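# Structural overview
For reference, the chains in residue letters:
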Amino acid sequence: MEEGFAIWANPSSPHGEGRKAKAALEDARARIKRALGLGQNDKNYELIFTSGASEALAIGLQQSKKDRRIVSAVEHDAVFRAAPDAEVVSDETAFGDDAILAVQHVNSETGVINPVAQMAETVKAGGTVVLSDCSQSAGKMALPDADMLVVSAHKFGGPIGIGALLLRDFNLLNPIGGHERGYRQGTENVPGALGMAAALEAGDWQTTEAQRRSFAERLGEGVLTIGDQADYIFAVTHPSMSAQALLIRLDAMGFAVSAGSACSSGTLKKSRVLDAFGVSDEIAARTIRVSLGWSTTPDELEAFAQAWSSLAQT
């Protein structure tokens, strides 16, 4: 990012400084695609820089050439804000034809891994395109084979305020003019793009997969297992204590957790996602979201496991 600030000029300007910034931006674009495994001939996506996942979702859903919008019932709130009139479904057979379908890759509250590639294969014959919110999987696992993919830099250690919409073909969207080949307005964030590329290329976690799996086992039977599960996001239920009480107790012990999505947990309302997954009101009221990041250390996992064990006995 320091490099980006040092060479800063409007990358759309034709003068020498602008061309230098443009070259750095395009280099970052190529590096990000390569790091995500989306820059090869058989999987060569276009990339539109955005201010984050929310804007990328809005571009994909609002500028799609498909008039019909369908979203899964367990999507992030940003999807529902971007497409407030979308059809909400929970059954794969209800996807229909000739639409755009939004389905999250890794659920942000439970860690459930959705079979996005399988869904995309099922609906493509009818002309439906699939947009997958990969905010919780980019930089952590291979991304699914879908028509549009949404990523957010701060989810994998990059700077806030930068993300991207990746798509198979610009022809999937209606252009609106402005920057990013005419598909997004606003001057490009060159320092953010360089920071995003650097974070993806660094990509090292402080914990191993085995350590994260062991951590989940130590949390015991309280971990909700709904389907295929990522090893860094868990919905955990206490035997008797409310989610609100757990947040207060754990915060006092130095642990930052949430109830529901981190973007809406301040409301302390019942999680819409847990409801859609069929979790009862009584269990949802005692369930918190525990998520691990690239910088979480083995010592921090051990400390939380001990804290949770002490709380589970109260």
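Here, the structure is the one placed above.
Below you will find a few notes about this structure. Treat the numbers as computed from the prediction; the structure is a model and nothing was measured.

## Examining the pattern of salt bridges
On inspection of all chains with the given rule, the structure shows 16 salt bridges. For the salt bridge of Glu 46 with Arg 181, the shortest nitrogen-to-oxygen distance reads 3.9 Å. Here the residue Glu 46 occupies a position in strand 3 (residues 46-50), and Arg 181 occupies one in the loop between strand 9 (163-167) and helix 6 (190-202), the gap between them amounting to 135 residues. Overall, Glu 46 belongs to the partly exposed group, its relative accessible area being 25%. A relative accessible area of 59% means that Arg 181 is categorised as exposed. In this structure, the salt-bridge partner of Asp 145 is Arg 168, at a minimum N-O distance of 2.4 Å. Of the two residues, Asp 145 is situated in the loop between strand 7 (129-133) and strand 8 (148-152) and Arg 168 in the loop between strand 9 and helix 6; the sequence distance between them amounts to 23 residues. In this structure Asp 145 comes out as partly exposed when scored by relative accessible area, which is 36%. Overall, Arg 168 belongs to the partly exposed group, its relative accessible area being 35%.

## Here's the deal with the packing of helix 7 (residues 209-218) against helix 11 (residues 298-312)
The geometry of helix 7 relative to helix 11 is characterised by a closest axis approach of 10 Å and an angle of 5 degrees between their N-to-C directions. When the axes of helix 7 and helix 11 are compared, the pair comes out roughly parallel. Residues Gln 211, Phe 215 and Arg 218 of helix 7 lie in contact with helix 11, whose contacting residues are Pro 298, Leu 301, Glu 302, Phe 304, Ala 305 and Gln 306. A class-by-class count of the residues in the contact of helix 7 with helix 11 yields five nonpolar, two polar and two charged.

## Quick look at the packing of aromatic side chains
Within this structure, the stated rule accounts for six aromatic pairs. Aromatic side chains Phe 170 and Tyr 183 sit 4.9 Å apart centroid to centroid with 10 degrees between the ring planes, which places their arrangement in the stacked category. Note that Phe 170 is positioned in the loop between strand 9 and helix 6 and Tyr 183 in the loop between strand 9 and helix 6, a separation of 13 residues in sequence. Classification of Tyr 183 as buried rests on a relative accessible area of 11%. Put simply, the rings of Phe 215, Phe 234, Phe 255, Phe 304 and Trp 308 pair up and form one aromatic cluster.

## Focus: the sheet that holds strand 8
Spatially, the seven strands line up as an open sheet ordered 3-9-8-7-6-4-5, and their pairing is mixed. Two strands lie at the open edges of the sheet, namely strand 3 and strand 5 (87-89), each paired on one side alone. Strand-to-strand twist of the sheet, defined as the mean angle between neighbouring strand axes without regard to direction, takes the value 20 degrees. Both strand 4 (residues 69-72) and strand 5 contribute to a ladder of three bridges, which runs parallel. Bridge assignment links Val 71 to a residue of strand 5, and that residue is Val 88. Strand contacts of helix 3 (residues 53-62): strand 3, strand 4, strand 6 (100-102), strand 7, strand 8 and strand 9, with the helix running at about 165 degrees to strand 8, the strand carrying the most contacts.

Procedures and definitions
Residues numbered from 1 in each chain as written. Predicted model: local features only at pLDDT ≥ 70, side-chain atom pairs only at ≥ 80, totals over all residues. Heavy atoms only, no water. Salt bridge = Lys/Arg side-chain N within 4 Å of Asp/Glu carboxyl O. Helix = DSSP H or I, 4+ residues; strand = E, 2+ residues; numbered from the N terminus. Buried < 20%, exposed > 50% of the residue type's maximum accessible area, 1.4 Å probe, protein only. Axes fitted to C-alpha atoms, helices over the stretch in contact; angles between N-to-C directions. Parallel < 35°, antiparallel > 145°, perpendicular 65-115°, else oblique. Contact = heavy atoms within 4.5 Å. Nonpolar A, V, L, I, M, F, W, Y, C, P; charged D, E, K, R; others polar. Phe/Tyr/Trp six-rings, centres within 6.5 Å; stacked < 30°, edge-to-face > 60°. Pairing = 2+ DSSP bridges.

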